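Architecture at a glance
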Amino acid sequence: MKNIDSYTHTRGESIYVDDLPILGGTLFAAIFDAPLAHGKITKLDLTKAKAIAGVKHIITHKDIPGENQIGGIFPDEPALSDGDIHFRGQPIALVLATSKKIAHEAIKAIVMEASELPVIVDPREAAEKGELIGPVRTFKIGEVDKAWEQCAHIVEGRADCNGQEHLYIEGQGAYAFPVENDCIRVVSSTQGPTQVQRGIARVLGLAMHKIEVDVRRLGGGFGGKEDQATPFAVLAALGAFLSKKPVKLILDREEDLRMTGKRHPYTSDFKIGLDEQLKIIAYEADFYQNAGAAADLSPAVLERTLFHATNAYFVPNARLTARSCRTNLPPNTAFRGFGGPQGKFVMEAAITLAAEQIGVDRALIQKANLLQDGDEFSYGQIVENCEALKTWEQAAADFDLQGMRDRVTAFNAQHTTLKKGLAVMPICFGISFTNTPMNHARALVHVYQDGSVGVSTGAVEMGQGVNTKMLQIVAQTFAIAPERIKIETTNTTRVANTSPTAASAGADLNGKALQIACSAILLRLKTFVQQQFKLEQLETISLHDEWVYIDGQKTDWSWQQLVTNAFVARIQLSEKGHYATPRVKFDKTTEKGHPFAYHVYGTAITEVTVDCIRGIYEFDRVDIVHDFGQSMNKMIDKGQIEGGLVQGMGWVTMEELSYNQEGRLLSSALSTYKVPDVFSVPKVINVKFLETNHSNLAILKSKAVGEPPLMYGIGAHFAITDAIKAFNPNAKGLLSTPMTHERVLMALYDSFEQ
Ligand code: MTE
Ligand code: LUZ
Ligand code: MOS
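Residues numbered from 1 in each chain as written. Chains lettered and ligands numbered in written order. Predicted model: local features only at pLDDT ≥ 70, side-chain atom pairs only at ≥ 80, totals over all residues. Heavy atoms only, no water.

Topic: the sheet that holds strand E22 (residues 547-550)
Here is the rule we go by: Strand pairing requires that DSSP identify at least two bridges connecting the strands. In DSSP terms, a helix is any run of H or I states spanning at least four residues, a strand is any run of E spanning at least two, and both are numbered starting from the N terminus. Note on definitions: angles span 0 to 180 degrees between N-to-C directions of axes, and those axes are lines fitted to C-alpha atoms, for helices only across the stretch in contact. Note on definitions: a residue-residue contact is assigned when non-hydrogen atoms from the two residues lie within 4.5 Å.
Strand order in this open sheet of three strands is E21-E22-E23, and the pairing throughout is antiparallel. A strand with exactly one partner marks an edge of an open sheet, and here the two such strands are strand E21 (541-544) and strand E23 (553-558). Across the sheet, the mean angle from the axis of one strand to that of its neighbour is 35°, orientation sign disregarded. Direction of pairing for E21 relative to E22: antiparallel, over a ladder of four bridges. Note that in E22 the partner of Ser542 across the bridge is Tyr549. With respect to the sheet, helix H16 (residues 559-568) is in contact with E21, E22 and E23, its orientation differing from that of E23 by roughly 55°.

Some thoughts on the site of ligand 2
Short version of the rule: By convention in this text, a residue qualifies as near a molecule or strand provided that one of its non-hydrogen atoms is within 4 Å of it. Only Asp, Glu, Lys and Arg are considered charged in this grouping, and only Ala, Val, Leu, Ile, Met, Phe, Trp, Tyr, Cys and Pro are considered nonpolar; every other residue, Gly among them, is considered polar.
As a structural note, the neighbourhood of ligand 2 is formed by Glu226, Arg304, Phe338, Phe433, Thr434, Met438, Ala502, Ala503 and Glu707. In terms of residue class, the shell around ligand 2 is built from five nonpolar, one polar and three charged.

Some remarks on the sheet that holds strand E24 (residues 574-580)
If you trace the four strands from one edge of the open sheet to the other, you get E19-E18-E17-E24, paired in mixed fashion. At either end of the open sheet lies a strand with only one pairing partner, and these are strand E19 (485-487) and E24. When strand polarity is set aside, the average angle formed by the axes of neighbouring strands in this sheet is 20°. Relative to the sheet, helix H15 (residues 506-532) contacts strand E17 (440-447), strand E18 (453-457) and E24, its axis offset from that of E24 by approximately 140°.

Some thoughts on the site of ligand 1
Threshold: Two N or O atoms form a polar contact when they lie within 3.5 Å of each other; inside protein one atom must be a possible hydrogen donor and the other a possible acceptor, and for residues adjacent in sequence the pair counts only when both atoms belong to side chains.
Surrounding ligand 1, one finds 19 residues, the nearest of these being Gly221, Phe222, Met462, Gly506 and Gln640. Within the contact set of ligand 1, an oxygen atom lies 2.7 Å away from a backbone nitrogen or oxygen of Gly221. Backbone polar atom of Gly463 to a nitrogen atom of ligand 1: 3.3 Å apart, as the coordinates give it.

Brief notes about helix H14 (residues 466-478)
To keep things clear, this is the line we draw: Expected helix span is computed as 1.5 Å times (number of residues minus one). Here's how the labels work: a residue is buried when its accessible area is under 20% of the maximum for its type, exposed when over 50%, partly exposed in between, all with a 1.4 Å probe on protein chains only.
With 13 residues, H14 extends 19 Å between its outermost C-alpha atoms, agreeing within 8% with the 18 Å of an ideal straight helix rising 1.5 Å per residue. For H14, the buried fraction is high: 12 of the 13 residues fall into the buried class. Taken residue by residue, H14 has Val466, Asn467, Thr468, Lys469, Met470, Leu471, Gln472, Ile473, Val474, Ala475, Thr477 and Phe478 as its buried positions.

Considerations on the UniProt feature "domain: Aldehyde oxidase/xanthine dehydrogenase a/b hammerhead" (unreviewed entry) in the chain
Quick reminder of the rule: UniProt positions are given in the numbering used here, feature names are shortened, and annotations may be inferred rather than shown by experiment.
With numbering aligned to this structure, UniProt lists the feature "domain: Aldehyde oxidase/xanthine dehydrogenase a/b hammerhead" (unreviewed entry) at residues 11-118. Along residues 11-118 the backbone is 13% helical and 31% strand, and the end-to-end C-alpha distance reaches 51 Å.

Regarding a nonpolar patch on the surface
Worth spelling out the cut-off: What goes into a patch is any residue over 30% in relative accessible area without a salt bridge, connected to like charges within 9 Å or, for nonpolar side chains (Val, Leu, Ile, Met, Phe, Trp, Tyr), within 5 Å. Only the protein chains shown count as covering a residue, and every accessible area follows the Shrake-Rupley method with a 1.4 Å probe. Within this document, salt bridges are pairs made up of a side-chain nitrogen of Lys or Arg and a carboxyl oxygen of Asp or Glu, the two lying within 4 Å of each other.
A cluster of nonpolar side chains, namely Ile613, Leu745 and Tyr749, defines an oily patch on the protein surface of about 260 Å² accessible area. Among the secondary structure elements, Ile613 is positioned in the loop between strand E27 (598-611) and strand E28 (616-629). Judged by relative accessible area, which is 51%, Ile613 ranks as exposed.

Here we look at the packing of helix H6 (residues 193-204) against helix H7 (residues 230-243)
What counts is decided by this rule: Roughly parallel refers to an angle under 35 degrees, roughly antiparallel to one over 145, roughly perpendicular to one between 65 and 115, and oblique to any angle outside these ranges. Left-handed describes a crossing in which the near helix is turned anticlockwise from the far one by less than a right angle; the clockwise case is right-handed.
It is the contact of H6 with H7, at a shortest axis distance of 9 Å, that shows an interaxial angle of 45°. Judged on the interaxial angle alone, H7 and H6 are oblique. You can see that H6 and H7 cross each other, and the crossing is right-handed. Residue-level contacts link Gln195, Val196, Gly199, Ile200, Val203 and Leu204 of H6 to Thr230, Ala233, Val234, Ala237, Leu238 and Phe241 of H7.

Below you can see the structure in the form of structure tokens.
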């Protein structure tokens, strides 16, 4: 089945926040944001700005009727600065004007003076100064201190990861409408409608039921709108509440780049020990997360770094320590993988360094240590239904890994200035919010008297196809045509208390709730048929292709007839469903538990050709075997693999997020921040479906697919460094991302001897 949005997308008819018809009286908002990274405001003069014709209001923290606070995990982030500045781009004042242009003119007319304080941008410096957010977390398994004695090989090193800009096509934005009795209705580009509702209620000092949040779809979120859509929706709502007019706030690209947080950069130290058989015996890692100026989701991201720090490998003795470090950058936030990629990268770096020192192919170490059923993760969960080795072996066989390696070696022997590199990248990603209480969802189904169906869930469509999957669940349960089903907007008055659509769990959680609701209606309808046809057993009734069957025989009741008759018989045709993931639990005091419903596995093989004169490279191919379970939509799921892969490749290759020592974003436009385009994606991407049929907690056994493929992209880094080593065995600095052309060129000629 096609993505149900494909028709309106390709015709340009899909509606985003900025496409909503403008209501009369609407005011346009713009944010005056901090021009320095750390300091105290000594003067804020709004007179000149207020005098501009068309400027209606300028709102500061003093105008906030409720609490000036938008922090989620910790209350450490004001909606508007109360005098202290902690990062460049921090919102200070909100201008409301009759046009966006006038609002931006007014921003320039605001006069501010501030005393400057020292700026920290480096997480290690922050840690030294005690600038930590939340507790230091440590996951432990085995006895790492004793285990070093059993190791034949021990290597130590440092690996750094850069941040990453989300670059959703639709920027942050919201449109807020005042409603009678001090209520607010907001259309927001958010992954978390309830987060937005709660944030607005808090800042306006209102009960949550006074706030309605509505989401049609997002032009991409990638985690960037899990928490960080909230501040902008809050500001729009604040404007609407105070002005009693509709208020529209849409960030321009450069504002969005400057004001919002990104993937967390990390710097990490590692030590790994292996025995003669290349088994990993011990692993120690210390992660320093660059959290930016406020907690946002950083503590949760930090936790997931620890969960995934050993990637798809069994490590019997490990000590993994992570600190969230407060710096003067915009608060960093969720980004596809949610700290997992940063954890996995360090493990891959450690294996690479070990392979180099021992003098073996790194793939030998990787394969020798893949997880197997019965192994234990550092957090206490036991490995079940493991597909690590299966995806590896199928990838190696189907794509002829040995043949590829031989061709690369032969190519490198024949060429001096062109070198090829190869890397295998296995992944293992846990599905569930690691914060157990978030793992539940609701759905609401109305069957209308003409047999058509309206569906609401807590899932937010952001391009990942979750609405199509929701529709498939309804179509399958009722055995009716897709045309009969409409997926409504995600709205807090229809489905309350939603978790954000995140952690790749949107389809599982909301799909299961939806299945429960649909099954209840179906049972009611079947019971009605049983009574009408005077049947002994309910089990003899089934629905196929819009018809009711009894004992396999078609009746003269169509779906539509059934619904109409049931309605006349006063049968309830609406239902809600609630689903809470069973089994999951995690105890933060012991750092042990069973946090994930299940894990997703896969293996990617990446081949690259590096031009060793210029430092540029091309990806010849990426071959993937991915564990989909029983994919419920192969086209959508394949798209998720391709998109995730390329996004991950961008992170480790060309996307260079750059802040200077004053905390100013240097890569502040798309002329200086490069993302993969049609010329830089791999020339060939093969995706093979490993189909498994375990009973698991995935919706219709179709495993979550959103985030895991991003981590295949890490293979691009190690394919490039493999090629560099073929040209210059002395090359250094290969354990940090991103491998931009400049950095490749420098590595190629680093201590170059020939
Ligand atoms: N795919 C598209 N096209 N756009 C997105 O914004 N977000 C990713 C992933 N795939 C995203 C995407 C992220 S970060 C997550 S958590 C999942 O989709 C969320 O959706 P799901 O839970 O329905 O998989
Ligand atoms: N968000 C969150 C996430 O709040 N908790 C998680 O565990 C998570 N994992 C991935 C992405 N977003
Ligand atoms: Mo995705 S980072 O869980 O929004």
